[in-house]
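Each chain is listed here by its residues.
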Amino acid sequence: AAKERAEADDEYNFDGTVQLKNPHIELMDQDILYHLALGSGSHDLQEMFGEIKFVCLGGTPNRMKEFAYYIMDEIGYKLPAGTQLQDISAFSYRYSMYKVGPVLSISHGMGISSIGILLHEVIKLMYHAKCKDPIFIRIGTCGGIGIEGGTVVVTNESVDGQLRSSYEMTVLGKTIYRPAKLDQKLVREFLALADPAQDPYETVTGKTMCTYDFYEGQGRLDGAFCDYTEADKMEYLQRCKDFGVINIEMESIVFSALTHHAGIKAAVVCVALLNRLNGDQVMAPKEVMNEWQKRPQILVSRFIRRQLAKI
Ligand code: R2B
Ligand code: URA
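Calculation rules
Along each chain, residues carry numbers from 1 onward, in the same order as the chain's sequence is written. By the order in which they are written, chains take letters starting at A while ligands take numbers starting at 1. Since the coordinates come from a predicted model, pLDDT governs what is reported: local features require at least 70, and pairs of side-chain atoms require 80 or more to be given and counted, while whole-chain, interface and lining totals use all residues. UniProt positions are given in the numbering used here, feature names are shortened, and annotations may be inferred rather than shown by experiment. For each residue, a C-beta atom is placed from the backbone, and the residue is labelled near a molecule or strand when this atom is within 6 Å of it. The helix and strand labels rest on DSSP assignments: H or I over at least four residues marks a helix, E over at least two residues marks a strand, and numbering proceeds from the N terminus. Under the grouping applied here, Gly and all other residues not named as nonpolar or charged are polar, the nonpolar ones being Ala, Val, Leu, Ile, Met, Phe, Trp, Tyr, Cys and Pro and the charged ones Asp, Glu, Lys and Arg. C-beta atoms are first placed from the backbone for all residues, and any pair lying within 7 Å is then listed as a contact. Burial is judged by counting other C-beta atoms within 10 Å of a residue's own C-beta: 20 or more means buried, 12 or fewer means exposed, and anything between counts as partly exposed, with every C-beta placed from the backbone. Strands qualify as paired when DSSP identifies two bridges or more between them.

For the protein chain, the name recorded in an unreviewed UniProt entry is Nucleoside phosphorylase domain-containing protein, with Polypedilum vanderplanki as its organism. Recorded in UniProt under Sequence similarities (unreviewed entry), the annotation for the protein chain is "Belongs to the PNP/UDP phosphorylase family."

What follows is the structure, encoded as C-alpha cells:
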C-alpha cells in the first residue's frame, strides 16, 4: 500500500502546479491556444485563470453556459459589477468557455478527437496560468447498459470498444497506449454525495465504454449502415455488461488518459438517456431530457461546494 501511495504521489507535482511532459513549450516565445482563442503572448493567463480549481467539461455550448449560471448561483459567486458572463472562447468558433470564480465551464463537442484537442490546450492553459491542483470533471450524457434513462453514472474505469483500459493513438505512424486511469478517491467522494433520500433517481458506478462512433461503434441497428444482426448486437452488449460496463459514451477514454498523463485528478459523471438493452433511439421528451441533464450538474455542484468549504 505504501508503494502504491508513493507511486500515486509521484504522478502529481509536489507544489500542485501542472507540469507539461513537453520540453518544447517553455522554449517557445509564446504559445497560441488556437482553439480557445487565447495565447500566452496575447493574454495574461495567470491573471485570468490562476485561481481555477475546477475544470468542468461537457458536450454542448448551451449546457455548459447553463452550468456556468447554475454553479454561479450554487457557490454564491457575484460577477464584478457591470459585467456579464462572457464566452471567453467565442472567437474560436469551436468551443465555448465560461469562468465563474474558481470554476471553468467548457464545451468539448462530440467524440474523442474533439475533446482530445481541447484537453491539450486546457492542460497547457493550466500550466501557463500556474493553477494549483485543478480537478477536471466531465459532465456528460451516455447510453446505459441495464440501467434506466435518468440514472447518474460515476465512471470508475474507462474502456474502449474492445474493452481495453487504455487509450490507443497513432503517433509518428506508431501505435501507442496511454493508461486511462481515473482517481478512485474522487469516485468514492462523488458516490458519497448522492442522496438516496432526496434524489428521485439512482447514482451508480461501473465501467464506461468509450467509442469512436455513436451508431455502428455502439452496436446500434439504426445508423445509415449496419452489417450485423440484432442477435449480434445483444451478444456484444451482454458481453460488455458481463465485463462490468454500465454505460457507453464517446469521450471518457481520452479524457481519463490525458488527465492521468498530466498528473491531473479527474472524474466522469454522466446521465443515461436510455437503456440500450431496450433500444437504440433516444426518444425521451425534451423536457424530461433537460431535467435528466441537470442531474450530473447537481452532483458536481455538491462536490464543488464541499471542496470550496474545505479551503
Ligand atoms: C454522449 O453524447 C454524445 C453523443 O450523442 C457524445 O458526445 C457522448 O459522449
Ligand atoms: N451518448 C452516447 O454516446 N450514446 C448514447 O446512447 C447516448 C448518449
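After presenting the structure, the write-up continues.
Caption draft 1: Spotlight on the site of ligand 2. In the neighbourhood of ligand 2, the contacting residues comprise Thr141, Cys142, Gly143, Phe214, Gln218, Ile248, Glu249, Met250, Leu273 and Val282. Elements with a contribution of two residues or more to the shell around ligand 2: β6 (135-144) and β11 (245-249). Residue contributions to the shell around ligand 2 peak at three residues, all from β6. Here the residues of the shell around ligand 2 sort into six nonpolar, three polar and one charged.

Caption draft 2: Region of the structure containing the UniProt feature "binding site: substrate" (unreviewed entry) in the protein chain. According to UniProt, the positions carrying the feature "binding site: substrate" (unreviewed entry) are Gln218 and Arg220. Structurally, the position occupied by Gln218 is in the loop between β10 (203-210) and α6 (230-242). If sequence neighbours within four positions are ignored, Gln218 has contacts with Gly143, Thr211, Asp213 and Ile248. Along the polypeptide, Arg220 turns up in the loop between β10 and α6. Ignoring any residue separated from it by four or fewer positions in sequence, one finds Arg220 in contact with Tyr215 and Asp280.

Caption draft 3: Summary view of the UniProt feature "domain: Nucleoside phosphorylase" (unreviewed entry) in the protein chain. Under the UniProt annotation, "domain: Nucleoside phosphorylase" (unreviewed entry) lies at residues 53-305. With 33% helix and 27% strand, the stretch residues 53-305 has end C-alpha atoms that lie 12 Å from each other.

Caption draft 4: Focus on the site of ligand 1. In the vicinity of ligand 1, the contacting residues are Gly59, Met110, Gly140, Thr141, Cys142, Phe214, Glu249, Met250 and Glu251. Considering each element in turn, the shell around ligand 1 owes the most residues, three residues, to β6. Taken together, the residues that form the shell around ligand 1 break down as four nonpolar, three polar and two charged.

Caption draft 5: Spotlight on unusual backbone geometry. Although it is not a glycine, Lys130 adopts a positive phi angle of roughly 55°. Take Lys130: it is sitting in the loop between α4 (112-129) and β6. Phi at Leu172 is positive, roughly 50°, even though this residue is not glycine.

Caption draft 6: Main features of the pairing of β6. For β6, the buried fraction is high: nine of the 10 residues fall into the buried class. Two elements, strand β3 (residues 54-58) and β6, share four bridges in a ladder whose sense is parallel. Within β6, the position partnered with Leu57 by the bridge is Arg138. Inspection of the sheet shows β6 paired to strand β12 (residues 265-275) by nine bridges, in the parallel sense. In the strand pairing of β12, Thr141 is matched with Val271. With two bridges joining them, β6 and β11 adopt antiparallel strand pairing. The residue of β11 that forms the bridge with Gly143 is Ile248.

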